[in-house]
Every structure is written in C-alpha cells, then in structure tokens.
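Here is what each chain is made of, one letter per residue.
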Amino acid sequence: PAFASWPDFRALSQREDAQQIVPVEFGANYMEAERNELPLSFYLDYLTHIEPGETPEPLSYMAQYPLFDECPSMLADIATPEWLASTGRGDRYQTMAWIGPAGTVSPLHCDPYHNAFAQVVGSKRIRMYAPGPDDHTRLLLSTDPLQKNTSTADVFDPTGPLSDLPYIEAL
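Residues numbered from 1 in each chain as written. Predicted model: local features only at pLDDT ≥ 70, side-chain atom pairs only at ≥ 80, totals over all residues. Heavy atoms only, no water.

Visitor: For this particular structure, what's the right way to read the pairing of strand β5 (residues 126-129)?
Guide: Residues in a regular strand point their side chains to alternate faces of the sheet. On β5, burial follows the alternation: R127 and Y129 on one face are buried, whereas I126 and M128 on the facing-out side are not. Pairing of β5 with strand β6 (residues 167-170) involves four bridges; the strand directions are antiparallel. Residue pairing across strands places I126 opposite A170, the latter belonging to β6. (Buried < 20%, exposed > 50% of the residue type's maximum accessible area, 1.4 Å probe, protein only. Helix = DSSP H or I, 4+ residues; strand = E, 2+ residues; numbered from the N terminus. Pairing = 2+ DSSP bridges.)

Put into structure tokens, the structure is as follows:
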C-alpha cells in the first residue's frame with residue numbers, strides 16, 4: 001500500500017500527519033551532525049528540489065526516527081511480510097525510518113537489536129565485519145556514551161585499522 005500512497009516525497013508531504021515535527025541531522029554523518037527539528041513536510045519538500053543522484057551540501061538525514069509510532073496512519077500503509085511477523089518472538093520492538101538524499105552515510109556501527117532492513121527508494125551499501133576479540137581497539141569505538149556502538153574508523157581508508165579485515169558487502 002505504501003508504494004501507491006507514497007509515490008514520491010511530494011505526495012508524502014501532503015499527508016495531514018506530515019506536519020509531525022521530526023529530527024533532521026545536517027552534516028557528513030550522525031557523529032558530526034547538527035540536529036534540528038522541523039515539520040516532516042518541510043523536509044520532504046526540500047528533498048523534492050534535489051536532482052536524482054545529486055549530493056547536496058550540507059547533507060541532511062532524518063535518521064533512526066520512530067516515524068510510524070508518531071504517524072500511525074503511515075504505518076497502516078506498510079504491510080509486514082508474513083515471514084517477518086512470524087520470526088523470533090513474533091513481536092516488533094521498533095520500526096524506525098530513515099529519509100535522506102543520495103550521499104548520506106551511517107558510520108560503521110553495531111545495532112543493539114536484530115534488524116530486518118528494507119530500502120524503498122535508492123540504494124544502500126551495507127558492509128559487515130565478523131566480531132573479533134579486539135573489536136574495541138580495532139574498531140576505534142566511540143568514547144561518547146551515547147554512541148558507544150559506533151566506530152570512528154573510516155571503512156574506506158585503504159591504510160586504516162580495518163583495511164586487512166575480511167568483510168561482506170552488499171548493495
């Protein structure tokens with residue numbers, strides 16, 4: 001139902017519940033971002049003015065926000081696949097939403113909960129490293145208590161601390 005109800009950002013911004021105030025981060029990634037709160041409709045209207053594939057400066061990103069808890073009518077447009085509804089304990093801890101233009105990046109991190117990931121528009125590169133005994137040292141985990149699951153290492157640095165670790169990557 002969401003594909004029919006939300007054909008583009010403009011249509012989504014016209015919904016009554018798009019007046020919900022959401023956090024939008026401005027910066028290269030969430031470790032370096034300034035967070036502002038604004039109506040979802042305003043942010044979606046801004047995104048409609050970005051050409052496909054263009055990376056705007058500064059980057060902006062609505063990240064890890066429980067949008068569907070705040071806008072339940074939007075959740076009604078999302079069908080949970082049967083296999084997901086019957087996985088694990090059969091409950092749903094949280095459903096989070098991320099909205100942003102091309103070029104947005106989440107630093108290497110370890111999510112505290114199991115995930116089912118769905119990319120609705122665009123593409124996302126996901127890189128996974130196997131856990132190891134020296135992760136705290138090797139991954140350069142943040143000392144910020146709110147970001148202790150996030151690495152400060154640049155996964156794309158060919159001489160960085162992760163350069164010799166095997167990984168799996170998917171697009």
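Visitor: Just checking my understanding: could you explain the sheet that holds strand β4 (residues 97-99) for this structure?
Guide: Two strands in a sheet stick together by hydrogen bonds in their backbones, pointing the same way (parallel) or opposite ways (antiparallel). Ordered in space as β2-β1-β3-β4, the four strands form an open sheet in which the pairing is antiparallel. Edge positions in the sheet fall to β2 (34-39) and β4, since each of these pairs with one other strand and no more. Mean inter-strand twist for the sheet, computed between neighbouring axes without regard to direction, equals 30°. (Axes fitted to C-alpha atoms, helices over the stretch in contact; angles between N-to-C directions.)

Visitor: Sorry if this is basic, but what is going on with empty space enclosed by the protein here?
Guide: The rolling of a water-molecule-sized probe over the atoms marks out the regions of remaining empty space. Under the defined criterion, the tally for this structure stands at one cavity of 30 Å³ or more. Estimates place the volume of the largest cavity at around 50 Å³. Lining the largest cavity are E25, G27, A28, N29, Y30, L59, S60, Y61, T104 and V105. Among the residues forming the lining of the largest cavity, the class breakdown is five nonpolar, four polar and one charged. (1 Å grid on protein atoms, 1.4 Å probe; cavity = no way out; pocket = protein on both sides within 12 Å on 5 of 7 lines; lining within 4 Å. Points joined across faces, edges and corners; volume = space filled by probe spheres on them. Nonpolar A, V, L, I, M, F, W, Y, C, P; charged D, E, K, R; others polar.)

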